[in-house]
Amino acid sequence: MPNEQELVATDIADDESSTEQAASSEPATSTSTVSETKPATESEDTPQLEFAKPAYIVQLGTFKNSQNVTRLVAKLREAGFQAHSYPEPAVEGELNRVFVGPNVSKKTLEQQQSKLKELTGLSGKIREFDPLFK
């Protein structure tokens, strides 16, 4: 009966032989016989997301008064708009952006601009939505 060290050694040997078999089935790209293990980089682990169509937002404005930002967002949401502010929640004295969207249809947002101006007095500007923009 093999002891625990022999079992571990056997498992490691099996893993190495299966790795060698997998490597030998792929075409050789290097003549080096030394095998190095490289740590995976972030770009290899993280898939790069590319979208076929961009999304858009209507940025209504940037405000320092957090109460006005909160009221404006509430008013827009009550009217059925997908309204947000950044930062969330609004911070008094700092710049707080108020926007509607995102929406993949720029045309839909263009049509909503007149309703937004009527409701808020702000026509806003249509911008491409960047989910990572802070």
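Quantities reported herein were computed from a predicted structural model and do not represent experimental measurements.

Procedures and definitions
Residues numbered from 1 in each chain as written. Predicted model: local features only at pLDDT ≥ 70, side-chain atom pairs only at ≥ 80, totals over all residues. Heavy atoms only, no water. Helix = DSSP H or I, 4+ residues; strand = E, 2+ residues; numbered from the N terminus. Buried < 20%, exposed > 50% of the residue type's maximum accessible area, 1.4 Å probe, protein only. Contact = heavy atoms within 4.5 Å. Core = buried A, V, L, I, M, F, W, Y, C linked by side-chain atoms within 4.5 Å. Expected span 1.5 Å × (residues − 1). Bend = angle between axes of the 7 residues up to and from the residue. Pairing = 2+ DSSP bridges. Axes fitted to C-alpha atoms, helices over the stretch in contact; angles between N-to-C directions.

Visitor: I'm lost on the overall build of the protein in this one. Help?
Guide: Across its full length, the protein carries four helices and four strands. Taken from the N to the C terminus, the helices and strands of the protein come in the order α-α-β-α-β-β-α-β. Burial analysis of the protein (134 residues in total) assigns 21% to the buried set. Here the analysis covers contacts within the protein between residues at least 6 apart in sequence; of these, 66% occur between residues at least 24 apart.

Visitor: Could you clarify how one ought to interpret the nonpolar core in this entry?
Guide: Looking at soluble globular proteins, one finds that nonpolar side chains tend to be buried together. If you look at the biggest cluster of nonpolar residues, it comprises 15 residues, and the most contacted ones within it are V58, L60, L76, V98, V100 and L116. Listed by contribution, the elements that provide at least two residues to this core are β1 (56-63), α3 (66-78), β3 (96-103) and α4 (106-120). Residue contributions to this core peak at four residues, all from α3.

Visitor: Before we go on, may I ask you to explain the environment of A55 in this structure?
Guide: Locating A55 in the fold gives a position in the loop between α2 (42-45) and β1. When the C-alpha atoms of A55 and V104 are compared, they prove to be 4.1 Å apart, with 49 residues separating the residues in sequence.

Visitor: Help me understand α4, please; the structure alone is not making it clear to me.
Guide: Turn by turn, an α-helix covers 3.6 residues, leaving residues three or four places apart pointing in a common direction. An ideal rise of 1.5 Å per residue puts 21 Å on 15 residues; α4 measures up with 20 Å between its terminal C-alpha atoms. The largest bend in α4 is about 30°, located at Q112. Along its buried surface, α4 packs onto β1, α3, β3 and β4 (125-128). Of the residues trailing α4, G121 is marked for its positive phi of about 85°.

Visitor: What am I meant to see in the sheet that holds β1 here?
Guide: In a beta sheet, neighbouring strands are held together by backbone hydrogen bonds and run either parallel or antiparallel to one another. Strand order in the open sheet formed by four strands is β2-β3-β1-β4, and the pairing between neighbours is antiparallel. Looking at strand neighbours, the two that pair on one side only are β2 (83-86) and β4, the edges of this open sheet. Taken over all neighbouring pairs, the strand axes of this sheet differ in orientation by 35° on average, direction set aside. Contacting β1, β2 and β3, α3 crosses the sheet at an angle of about 160° to β2. The strands that α4 touches are β1, β3 and β4; relative to β1, the one it contacts most, it runs at about 35°.

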